[in-house]
Each structure stands twice: as structure tokens, then as C-alpha cells.
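Topology and contacts: notes
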Amino acid sequence: MPYFTIEGRAYHYRDVGRGRPLLLLHGFPLTGASFWPQLDAPPKGTRLIVPDHRGFGQSAPGEGPTTMEAIASDALALLDELKISQLAVGGVSMGGYASMALLRLAPARVTRLVLVDTWCGAEDEAGKARREATAQELEAKGMEPLVAAMMPRLLAPEAPDEVRRRVEAMMRAGNPKAAAAAARGMGLRGDQRELLSRFAGPALVVVGSLDPITPPERARQMAGLIQGSRLLELEGAGHLANLERPEAFNAALGEFLAFG
């Protein structure tokens, strides 16, 4: 799997398939491997580019909080390295926050937007306090308390056992300091509603019907901001709809990317 270097940091990514490029950004506290159903079967005519964010998976950590703009800047550096000027951009949860940050940083490069189990609002003060508490606990106790707290919220009760095992293992293998930096970075994110209301390209908004973190009502609000958006609610899925309902997700993604 390929790497390149950003400011002395190793940055790991996956690059599979051929055709029109799609950048997918992963959620917290996972890695690019959390798109395995999509990486194993990229939509026809699509080149799928999936990095590990700084400090996650096989990418080296950075300094200070991992803001959504930092994740987006790393991804833009990757696109420059690959000589990709325009493409579809999407992400799950934290990856959705970073996708919107990338849209803000480089609007001319984003032709389509895929927002999965995510939200466009800013973190409120209570949310910032929770992020900081999570970061401190990660630094003091490692990944295990986060795994115990998040697993019941990430996946619906009927999620396949294999998905549950792989997600849990991915989280346990994470770097606690990098996860703490990302938790603090998520607490710093701003409101993106006005940005989405100005986005001219088509968008696909996906949400699991049982997502307790960014529930369907939030997805409906977000889709309502974007002209020409399509909303897809996947029945029985939780916060990782691309893993829990991969066939339906992949079919919708392929149709969205092929249209127009």
C-alpha cells in the first residue's frame, strides 16, 4: 500500500479501481480500512482513494490537535501528489466533518459530496467539554475505555458479528495520543450550514435509521440545505451505515457517481 511524506510525516493511503476519482475520509477512531466493503468492490468506473488520517492506521501523527482542516489539508496534499485536480469527496462521521472542511478550503476541487452519518453544525460548549474529557481519558487510560463507551453507539444491535469484531479490533489497535488529538480537533469544528447551502454540486446524504450519534433528523436537515441533494436512510443501520448495509450503500454510491 502506498505512502508519501507530508512535512516529514509518513502518510498512508489506498488507491484502488479505475475511472473518476472519489476520496473517502474515515471516521473516529478508525482507519481507512473501515471502508473495506467499498475497497473490496469499488463502484464501476470509480477510482477510490482512502487515506489514513494523521496518527491513525499506518499514517504518522502530527503536532497539536488534529483539526478537521488538518485532515483536509493532508488529503489535499495527497491529491496534489496524485495530480488530481477535481473529484468527488465524502466521509463518514469525522470524515464527513473533514470533507466539509476540504470543501471550504478548496471549493473548486469538489465536484460531488457524500456525507455519511455526520453533521454540519458546530460543537457546542457541552460537546467541547465532552471531547476534552475523552481526550484526557485517552491519554490517561488508553483506548479501552473509549472502545467500551463507543461500541454500543457505533453499531446497531443487529450489526453482523464480523463487522462488530473488525470495528472493535480496529479501535483497540489505535494510538491513544492520536485519538486524543482528533477528539480535541473535532471540538474545534465550526458551523458548515452556510457552506453547504452554497454548494452547487450534487450531494448524497446517507444515514442509518438507528444512528444515535447523528440521527436521521439531522441528515434530513443537512440534505435540505443542499440543492439537488439525495437523502438515503438505511433501515436497521447505526452510525457506520457503509459497513452495516454495504450492498445498499455501494449500490447508492455507484448510482450517484455514475449519474450525470
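Scroll up to find the structure.
Quick summary incoming for the structure in this document. The model shown is predicted, which means the values in this text are computed figures rather than measured ones.

**A few points about the nonpolar core**
If you look at the biggest cluster of nonpolar residues, it comprises 87 residues, and the most contacted ones within it are Phe-28, Val-167 and Leu-196. The contacts of Val-167, once residues within four sequence positions are left out, are Leu-30, Trp-36, Met-151, Leu-154, Leu-155, Leu-240 and Leu-243.

**Here we look at the pairing of strand E3 (residues 20–25)**
Burial analysis of E3 places five of its six residues in the buried class, the great majority of the element. Pairing analysis gives four bridges linking E3 to strand E4 (residues 46–51), with the strands arranged parallel. If you follow Arg-20 over to E4, its bridge partner there is Thr-46. Direction of pairing for E3 relative to strand E5 (residues 87–92): parallel, over a ladder of four bridges. Looking at the pairing, Leu-25 lines up with Gly-91 of E5.

**Description of the pairing of strand E7 (residues 203–208)**
Across the six residues of E7, six count as buried, placing the element largely inside the fold. By the alternation rule, side chains of E7 split into Ala-203, Val-205 and Val-207 and Leu-204, Val-206 and Gly-208, which are all buried. In terms of strand pairing, strand E6 (residues 110–116) meets E7 through four bridges, oriented parallel. From the neighbouring strand, Val-114 faces E7, where its bridge partner is Leu-204.

Each value, and the rule that gives it
- Residues numbered from 1 in each chain as written.
- Predicted model: local features only at pLDDT ≥ 70, side-chain atom pairs only at ≥ 80, totals over all residues.
- Heavy atoms only, no water.
- Core = buried A, V, L, I, M, F, W, Y, C linked by side-chain atoms within 4.5 Å.
- Buried < 20%, exposed > 50% of the residue type's maximum accessible area, 1.4 Å probe, protein only.
- Contact = heavy atoms within 4.5 Å.
- Helix = DSSP H or I, 4+ residues; strand = E, 2+ residues; numbered from the N terminus.
- Pairing = 2+ DSSP bridges.

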